[in-house]
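Topology and contacts: notes
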Amino acid sequence: MPVLDHASLNATYVRDGFLVVEDMFSGDQLEAMRSVTARFVADAVADAIDDDRFDVFTGKDDGRELRRIVDPEAVSPVYDAAMRHEPLVDLVQTLLGGTVRFDHGKLNFKPPSGGAAVEWHQDWAFYPQTNDDMLAVGVMIEDCTIENGPLMVVPGSHRGEIFDHHQDGVFVGGINAEHLGSVIENAVPVIAPAGSISIHHVRTLHGSTPNRSASNRPLLLFNYVAVDAFPVFHSYDWDAFNGRILRGEPTFSPRLADVPVRVPNPTPKPEDGYVTASLFELQQQMSGALYADR
């Protein structure tokens, strides 16, 4: 991969709230990710996986489709190696101000020919912290194109409003389009070849259009946070919390920044309890003029 100009990339990230870096992963690394991903997709379709980290749903023609792998770094050493990839973590360390804690990962899929859109949202609504030095890295296992439903972001939105992700007093994980006004008219697609990464700030407004291509579009997502950013509304086992530090040392003193916060509760409550699963399930509760309808 080319030598990265961290200072220039940091300036772009501060200004726009997102970055795209091509050639982050070599051909061998990319092939390893493609191989293990294809195997998981095939096993899920064949009903050969018994693991609740694999989110399988009924797709078109009543076929089984893999929608998400939760904590992919825990199910394959290939994904774990990608999460710890030194050039990637070095860049994240610069963007987060010097320390890095891995927070969580997921591998999202968009099945071909109409794979669902993801409504406009801000990650900050799902996991507010004591400060907003938090970001998401998207690893493009396949090319991200206009046709296959790429991430869409609004440049500069990380410095603006924290939108309401509730409807009728319930957290649904998305923003009703009528509340966005003309904001998303400035949205740009994040397109790049396989092996590239995208990075977006935790407050950056983003969504994605349906996949209208004939191919699946997997996107490996890793969230990283500064070591002194602590969760506002949930807690972790202390040793596990500190065991995810990739750069820096544990601290007992979270940094408190003047950042707007809303908590992601309550979630929709069916008869068997609160929905606490994926963004996809939460957004199914949404109503009104949504991004997917535009």
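No experiment lies behind these values; they were computed from the predicted model shown.

Quick notes on the overall build of the protein
Each helix and strand counted, the protein has 7 helices and 14 strands in total. Within the structure as shown, the protein displays about 13,200 Å² of accessible surface, and the carbon and sulfur contribution to it stands at 50%.

Some thoughts on the nonpolar core
Judged by nonpolar contacts, the single largest core of 37 residues is most densely connected at Leu-88, Leu-135, Val-137, Ile-197, Ile-199, Leu-220 and Tyr-224. When residues of this core are assigned to their parent elements, the largest contribution, 6 residues, is made by helix α5 (residues 86-96). Contact partners of Leu-135, with chain neighbours within four places excluded, come to Tyr-13, Val-92, Leu-95, Leu-96, Ile-199, His-200, His-201, Val-202, Phe-222, Asn-223 and Tyr-224.

Some details on unusual backbone geometry
A cis amide bond links Asn-265 with the next residue in sequence, Pro-266, at an omega value of -10 degrees. The residue Pro-266 is located in the loop between β14 (245-247) and α7 (279-283) in this model. Here Asp-23, not a glycine, exhibits a phi torsion of approximately 60 degrees, which is positive. Inspection of the secondary structure puts Asp-23 in the loop between β1 (18-21) and α2 (27-45). The backbone of Asp-47 sits at a positive phi, close to 60 degrees, despite the residue not being glycine. Locating Asp-47 in the fold gives a position in the loop between α2 and β2 (54-58).

A short note on a nonpolar patch on the surface
A surface patch of nonpolar side chains, about 250 Å² in accessible area, is lined by Val-232, Phe-233 and Val-261. Residue placement: Val-232 occurs in the loop between β13 (219-225) and α6 (238-243).

A short note on empty space enclosed by the protein
Tallying each qualifying case throughout the model produces 1 cavity of 30 Å³ or more. Every residue lining the largest cavity is listed: Ala-125, Ile-162, Phe-163, His-165, His-166, Phe-171 and Arg-262. The residue inventory of the lining of the largest cavity, partitioned by class, reads 4 nonpolar, 2 polar and 1 charged.

A closer look at the pattern of salt bridges
Counted by the stated rule, this structure contains 11 salt bridges. A salt bridge links Arg-34 to Glu-142; its shortest N-O distance comes to 3.2 Å. Highlighted residues: Arg-34 in helix α2 and Glu-142 in the loop between β6 (134-140) and β7 (151-153), separated in sequence by 108 residues. The residue Asp-132 makes a salt bridge to Arg-203 at a minimum N-O spacing of 3.0 Å. Linking Asp-132 in the loop between β5 (118-121) and β6 with Arg-203 in the loop between β11 (197-201) and β12 (206-208), this pair joins segments that are 71 residues apart in sequence. Of the two residues examined, Asp-132 and Arg-203, each falls in the buried class. Here the residues in one salt-bridge network are Glu-86, Asp-90 and Arg-247, joined through shared partners.

As for the sheet that holds strand β10 (residues 188-189)
The strand order across the open sheet formed by 4 strands is β5-β12-β7-β10, and the pairing between neighbours is antiparallel. Each end of this open sheet is capped by a strand with a single partner; those strands are β5 and β10.

A short note on the packing of helix α1 (residues 6-16) against α5
One way to put it is that α1 packs onto α5 with a least axis distance of 10 Å and a crossing angle of 55 degrees. Classified by the interaxial angle, the pair formed by α1 and α5 is oblique. Here the hand of the crossing between α1 and α5 comes out right-handed. Of the residues in α5, those in contact with His-6, Leu-9, Asn-10 and Tyr-13 of α1 are Asp-90, Leu-91, Thr-94 and Leu-95. Of the residues assigned to the contact of α1 with α5, the class counts are 4 nonpolar, 3 polar and 1 charged.

Description of α5
Among all positions of α5, only Leu-88, Val-89, Leu-91, Val-92, Leu-95 and Leu-96 are buried. All buried residues of α5 lie within an arc of 160 degrees about the axis, which places them on one face of the element. A positive phi of about 95 degrees marks Gly-97, the residue just after α5.

So, the environment of Val-261
Note that Val-261 resides in the loop between β14 and α7. Residue Val-261 is classed as partly exposed on the basis of its relative accessible area, which comes to 37%. Separated by 131 residues in the primary sequence, Val-261 and Thr-130 place their C-alpha atoms 9.0 Å from one another. Discounting residues that sit within four places of it in the chain, Val-261 has contacts with Trp-124, Pro-128, Gln-129 and Val-232.

What counts and what doesn't
- Residue positions within a chain follow its written sequence, with the count starting from 1.
- Restriction of local features to residues with pLDDT of at least 70 applies here, the model being predicted, together with a cutoff of 80 or more for giving and counting side-chain atom pairs; totals for whole chains, interfaces and linings are based on all residues.
- Hydrogen atoms and water are omitted, and side-chain values are computed over all heavy atoms in the structure.
- Numbering of helices and strands runs from the N terminus; a helix is a DSSP stretch of H or I covering at least four residues, while a strand is a stretch of E covering at least two.
- Values of accessible area rely on a 1.4 Å probe in the Shrake-Rupley scheme; residue burial ignores everything except the protein chains shown.
- Side-chain atoms within 4.5 Å link the members of a nonpolar core, which is a set of buried Ala, Val, Leu, Ile, Met, Phe, Trp, Tyr and Cys residues.
- Categorising residues by exposure relies on relative accessible area from a 1.4 Å probe, with only protein chains included: less than 20% of the type maximum marks a residue as buried, more than 50% marks it as exposed, and the intermediate range marks it as partly exposed.
- Residue contacts are counted whenever heavy atoms from the two residues lie within 4.5 Å of one another.
- Candidate patch residues must exceed 30% relative accessible area and have no salt bridge, after which like charges are joined if within 9 Å and Val, Leu, Ile, Met, Phe, Trp or Tyr side chains if within 5 Å.
- Whenever Lys or Arg places a side-chain nitrogen within 4 Å of a carboxyl oxygen from Asp or Glu, that contact is recorded as a salt bridge.
- Throughout, the protein atoms alone are placed on a 1 Å grid, and a set of points is a cavity if a 1.4 Å probe fits but cannot get out or a pocket if it is open with protein on both sides within 12 Å along at least five of seven lines; lining residues have an atom within 4 Å of a point.
- Grid points are joined across faces, edges and corners, and a volume is the space filled by probe spheres set on the points.
- In this classification, Asp, Glu, Lys and Arg are treated as charged, Ala, Val, Leu, Ile, Met, Phe, Trp, Tyr, Cys and Pro as nonpolar, and every other residue, Gly included, as polar.
- A pair of strands is treated as paired once DSSP finds two or more bridges between them.
- Only the stretch in contact is used when fitting a helix axis, every axis being a line fitted to C-alpha atoms; angles between N-to-C directions are given from 0 to 180 degrees.
- Reported orientations rely on four angle classes, namely roughly parallel under 35 degrees, roughly antiparallel over 145, roughly perpendicular from 65 to 115, and oblique for the rest.
- Two helices that cross are described as forming a left-handed crossing if the nearer one is turned anticlockwise from the farther one by less than a right angle, and a right-handed crossing if clockwise.
- This arc is built from the directions going out from the helix axis to the C-beta atoms.

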